[in-house]
Amino acid sequence: MDAQQRVIDAVMGFYTNLAALEENAFMRWSQVEKKFSTIGEASAFFIGCLLSQGQCAERAWDSATYFVQNHFSRETIWSDIAASSVEGLQQICVTGYGGRAFAGRYMTNKLAPWLKMNGEIMVERYACDPRNIWKELGPRELNVLYDRLLEFAGIGDALAKMTQFLLVREYGVAGGVASKRYLSVKPDVHVQRVCYRLGLVENISACAVAQWAGNAGLESPADFDAAIWEVGHSYCHEKNAKCDACPLLSVCIQKV
C-alpha cells in the first residue's frame, strides 16, 4: 500500500468514527430519503443554503424556515420576491427575523439583491419551484445540477458543491447514494491546509486539491471532504495546531 492510500484510508476511517457518533447522524448516508412535499419546504432549503455563509448551520436553517413561514406566501414566494423592491427586501432581511437580521454581518447588504435576482431566476427558468432545479436528474448529471446552482446570485463553487451534496445525500437527488462517487471535494481553507500537510498536494491551493481529488479515485469524495474539514477545524489549525490529539497524526508528514 502506498503512502497516499494510507492517508486516504486513515481519513475514511476517521469519517467512519465521526459518523458513528449519535450527534453526527446527519453525516451518514441513509437509504430513507427525505422529500420536499411543498414549494415552501424546498424554498426554505434553498434559502438556508444561501444563509449558511458566515453563520452556523443551525441558525441558517432556522432563519430560512422563519423567512418562508413569516414572509410572503409559501407557494408563491419566488414570484413575490421577484416582484418586490430591493429596498423592501432589505428591510425584511435586516429586521424580519424577529427583529434581527437573517444573514451574517458580511452579507448584510448582499442578501436582498441576491434574493431579488434569484426570485427572477426562479420565475423565468424554474416555474417558481426550486424542486425543478434538480428534478429528474440522474447520477451522471451532477454537473448539470452544479452548473444550475452556480447560476444563482450568492452561490459560488463551495456553496454549489455543499448544496449538491446535501441534495444527493439527504434527498436522493440524482440517484442518491448511487451517485456518491461522482460528488467532489470542496477545497476550502481547512481542506487545503490539511491536504497539504498530509502530503496529498504539493501546494496549498484550491486548484491543487481539486485536481488531486478528481484523480484520486475516492469512493465517496464528499465524506472524505467532511472528515478532512473536521480535522482542519478541530485540530490542524493554521497556528497552534493540536498535533498530539489529531486522529491523522500517524499519516501526517508535516507536523507543526
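The present account deals with the structure reproduced in this document. (Residues numbered from 1 in each chain as written. Predicted model: local features only at pLDDT ≥ 70, side-chain atom pairs only at ≥ 80, totals over all residues. Heavy atoms only, no water.)

### Some details on the side chain of Lys161
Counting through the fold element by element, Lys161 comes out in helix H9 (residues 157-171). On the basis of relative accessibility, which here comes to 12%, the residue Lys161 falls in the buried class. Not counting the four nearest positions on each side in its chain, Lys161 is found in contact with Tyr146, Ser184, Val185, Lys186 and Pro187. (Helix = DSSP H or I, 4+ residues; strand = E, 2+ residues; numbered from the N terminus. Buried < 20%, exposed > 50% of the residue type's maximum accessible area, 1.4 Å probe, protein only. Contact = heavy atoms within 4.5 Å.)

### Re helix H11 (residues 206-215)
In an α-helix, one full turn covers 3.6 residues, which means residues spaced three or four apart are oriented alike. Buried residues of H11: Ala208, Val209, Trp212 and Ala213, and no others. For H11, the arc enclosing every buried residue in end-on projection is 125°, short of the 170-degree limit, so these residues lie on one face. With respect to the buried face of H11, the exposed residues turned more than 90 degrees away are Cys207, Gln211, Gly214 and Asn215. Where H11 is buried, its residues meet helix H1 (3-20), helix H10 (189-197) and helix H12 (221-234). Phi turns positive one or two residues past the end of H11, at Gly217, with a value near 65°. (Arc of directions from axis to C-beta.)

### A few points about the nonpolar core
Judged by nonpolar contacts, the single largest core of 82 residues is most densely connected at Leu198 and Phe224. Tallying contributions element by element places helix H2 (residues 39-51) first for this core, with 8 residues. Excluding residues within four positions of it along the chain, Leu198 makes contact with Val7, Val11, Ile228, Leu248, Val251, Cys252 and Ile253. (Core = buried A, V, L, I, M, F, W, Y, C linked by side-chain atoms within 4.5 Å.)

### Comments concerning the packing of H10 against H12
It is at 8 Å that the axes of H10 and H12 come closest, and there the two elements cross at 90°. It follows from the interaxial angle that H10 and H12 lie roughly perpendicular. In this structure, H10 uses His190, Val191, Arg193, Val194 and Cys195 to contact H12, whose residues at the interface are Phe224, Asp225, Ile228, Trp229, Val231, Gly232 and His233. In the contact of H10 with H12, the residues fall into 7 nonpolar, 3 polar and 2 charged. (Axes fitted to C-alpha atoms, helices over the stretch in contact; angles between N-to-C directions. Parallel < 35°, antiparallel > 145°, perpendicular 65-115°, else oblique. Nonpolar A, V, L, I, M, F, W, Y, C, P; charged D, E, K, R; others polar.)

### Details of the layout of surface pockets
Approximately 1,300 Å³ is the volume attributed to the largest pocket. Taken together, 39 residues form the lining of the largest pocket, with Phe26, Ala57, Trp61, Met162 and Leu166 sitting closest to its centre. Only H2, helix H3 (57-70), H9 and H12 provide two or more residues apiece to the lining of the largest pocket. No other element matches H9, which puts 10 residues into the lining of the largest pocket. The residue inventory of the lining of the largest pocket, partitioned by class, reads 20 nonpolar, 8 polar and 11 charged. (1 Å grid on protein atoms, 1.4 Å probe; cavity = no way out; pocket = protein on both sides within 12 Å on 5 of 7 lines; lining within 4 Å. Points joined across faces, edges and corners; volume = space filled by probe spheres on them.)

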